[in-house]
Amino acid sequence: MNGSELLAEILKKENINFLSCFPSQPLIESCAKINIKPIMCRQERIGVAIADGISRSTGGKQIGVFAMQGGPGAENSFPGAAQSFADNVPVLLIPGGESLKKSFISPNFISTNNYANVTKWMAQVNDINRLPQILKRAFYALKTGKPGPVLIEIPAEIWDQNLNELNYTPVKKNLVRPDYSEINDITNVIINAKNPVLYAGQGIMYSDAEKELLNFAEILNIPVMTTMPGKSSFPENHELSLGSSAVSTTKMISHFLNKSDVVFAIGTSLTRTPYGRDIPEGKIIIHSTNDPFDINKDYNVDYGLIGDSKLVLQDLISCINNKVTNFEKYNNLNIRQEIKKIKKEWLSEWENKFHSDETPLNPYRVVNDLMQTVDLDNTIMTHDAGSPRDQIVPFWESTVPKSYIGWGKTTQLGYGLGVIMGAKLANPEKLCINIMGDAAIGMVGMDIETAVRNNIGILTIVLNNGAMAIERPTMPTAIEKYKSHSQGGNYKEVAEALGGWGIRVEKPGKIISALSEAINITRSGKPALVEFITKENFDFSKYE
């Protein structure tokens, strides 16, 4: 087998079903020959996002792979790698490369010289005999420990070199669990806390620890909030759910986080970000992560616990059951009633927006009507950057694991379109929805044709207010003199011109019927786009 055939066979052994890609790349043809379907994108950044969506929506059980041309293809892919790196997503990137004879000759773009800051690990294959072992290391890095992108660069001559025999078995991951003495100490802190809060991240979903998180919360009656990437790791229709935070948040999170004495963060890096909720000063912080370099990175933590989230929670539950003989005192705290009361107050503050009959449409009316229309247990939702994210994250109720893809420690407009295509490829039985603004679709709209061509039946919702509304405070003079925030377009017609199905909605009474029709269209494998003409919105759910 030559290099590209060898690499394709390894991907097949690692259960890769799709190759997100853009030519020219020898791997595309070799993968197609063994029934790994190439998903040809229109731009490389979205190609990486498609691979990203495969990995996120499966909790890393399927690894998304993106293959691109060396030079310009690798250059164009850098933003996608940066987004995946910021959000700790396991994606395999396979760029072609210059000949080894051209190493260290400027201005040739060598990926391994340039991707160091946006990958977990990377390597260049400089000999065909090393390719299987390098791929083993790559998949081990993708599956073990804190997730992140891995890049393997294939120089030009390696594609055609031959190896007589492939000796490769799929990689198994390793898990880490903490020492019992650490579990014992932290159990004592938690069971003696007066107002503990669980702060859950996406590591819960990568370790399949959703059941353990639910069990842990229930036995001690502890309220649970999630990070934006961790949204859907805990059912938000549960009585102990406080919801999730982006720039916007829920009133329950604000209330209970401020009231807390102990915050137990698990499955999260606890990176301070504008797109998440900071832990207030004066709290006892317990931080459980699978990466020791996260501990004390942004917070001075009182207790660190290194290990896989599932194993950590299992050990803590076992220790709690051994120590606590009377659970009644935890059940009598009326925590659930307090959460219910505050949630009711919070939602009542937004009720008029959820049911607004104004035109242009109120975006909260669109989000609320959508949530009443879909089967939440069989839907995967993602947002885009900017206002759509902050309108959706607090209010969208995620009921089952991995039903929401929250992204954005860096916030690239349009990334959600690729992510939701990847999610649909990996979960064809689910309704997969992305909500984006007019600025976001302006960045990536041509890739709707990628969904059309590959029969990826996603539902795209565009909230079109004709402007970059949230930028008004940042450039008032530019807006007044030059209308620099204004944007225009008929995105329903764009979708139709690209082969998709589209509808434009301007009246509130038409929202649900349009959504129902679009959902039905997606069942045939055809992507649908619903464009809502909305007002500029400056109301967000923010609480200190």
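Residues numbered from 1 in each chain as written. Predicted model: local features only at pLDDT ≥ 70, side-chain atom pairs only at ≥ 80, totals over all residues. Heavy atoms only, no water.

The next subject is the overall build of the chain. When its secondary structure is counted, the chain shows 21 helices and 18 strands. A compact globule built from 544 residues should have a C-alpha radius of gyration of about 24 Å, and the chain, at 24 Å, falls within 12% of that. Along the first, second and third principal axes, the C-alpha set of the chain runs to 70 × 60 × 45 Å. Per-residue burial for the chain yields a buried fraction of 60% across its 544 residues. Partitioning the contacts of the chain with sequence separation of at least 6, the portion at a separation of at least 24 is 74%. A total accessible area of about 21400 Å² is found for the chain, and carbon and sulfur atoms account for 49% of it. (Helix = DSSP H or I, 4+ residues; strand = E, 2+ residues; numbered from the N terminus. Rg over C-alpha atoms; globule rule 2.2 N^0.38 Å. Buried < 20%, exposed > 50% of the residue type's maximum accessible area, 1.4 Å probe, protein only. Contact = heavy atoms within 4.5 Å. Areas by Shrake-Rupley, 256 points an atom, 1.4 Å probe, with all protein chains shown as cover.)

The next thing to look at is the sheet that holds strand β10 (residues 262-266). Judged by pairing direction, the sheet is parallel, and its six strands sit side by side in the order β9-β8-β7-β10-β11-β12 without closing on themselves. Edge positions in the sheet fall to β9 (241-244) and β12 (303-306), since each of these pairs with one other strand and no more. Each strand of the sheet is rotated relative to its neighbour by a mean of 15°, with strand direction disregarded. In this sheet, strand β8 (residues 224-226) lies alongside strand β7 (residues 196-200) in parallel orientation, the contact comprising three bridges. Its bridge partner lying in β8, Y199 is registered against M225. Seen against the sheet, helix α7 (residues 180-191) touches β10, β11 (284-289) and β12 and runs at an angle of roughly 130° to β12. Here helix α9 (residues 210-220) sits on the sheet and contacts β7, β8 and β10; the angle it forms with β7, its principal contact strand, is near 170°. (Pairing = 2+ DSSP bridges. Axes fitted to C-alpha atoms, helices over the stretch in contact; angles between N-to-C directions.)

Cis geometry marks the peptide bond from P23 to S24, where omega comes out at 10°. With respect to the helices and strands, S24 occurs in the loop between β1 (18-22) and α2 (26-33). With an omega of -5°, the peptide bond between T359 and P360 qualifies as cis. Summarising the element assignment, P360 is placed in the loop between α13 (335-354) and α14 (363-373). Residues other than glycine seldom take positive phi values, yet F104 does so here, at roughly 65°. Tracing the chain through its elements places F104 in the loop between β4 (91-97) and α5 (111-114). Given a relative accessible area of 81%, F104 falls into the exposed group.

Before going further, it helps to spend a moment on the pattern of salt bridges. Tallying each qualifying case throughout the model produces 28 salt bridges. With a closest N to O distance of 2.8 Å, K341 and E345 form a salt bridge. Here the residue K341 and the residue E345 both occupy positions in helix α13, the gap between them amounting to four residues, near one helical turn. For K341, a relative accessible area of 53% corresponds to the exposed category. For E345, a relative accessible area of 30% puts it in the partly exposed group. One network of salt bridges, in which partners are shared, links K61, D208, E210 and K402. (Salt bridge = Lys/Arg side-chain N within 4 Å of Asp/Glu carboxyl O.)

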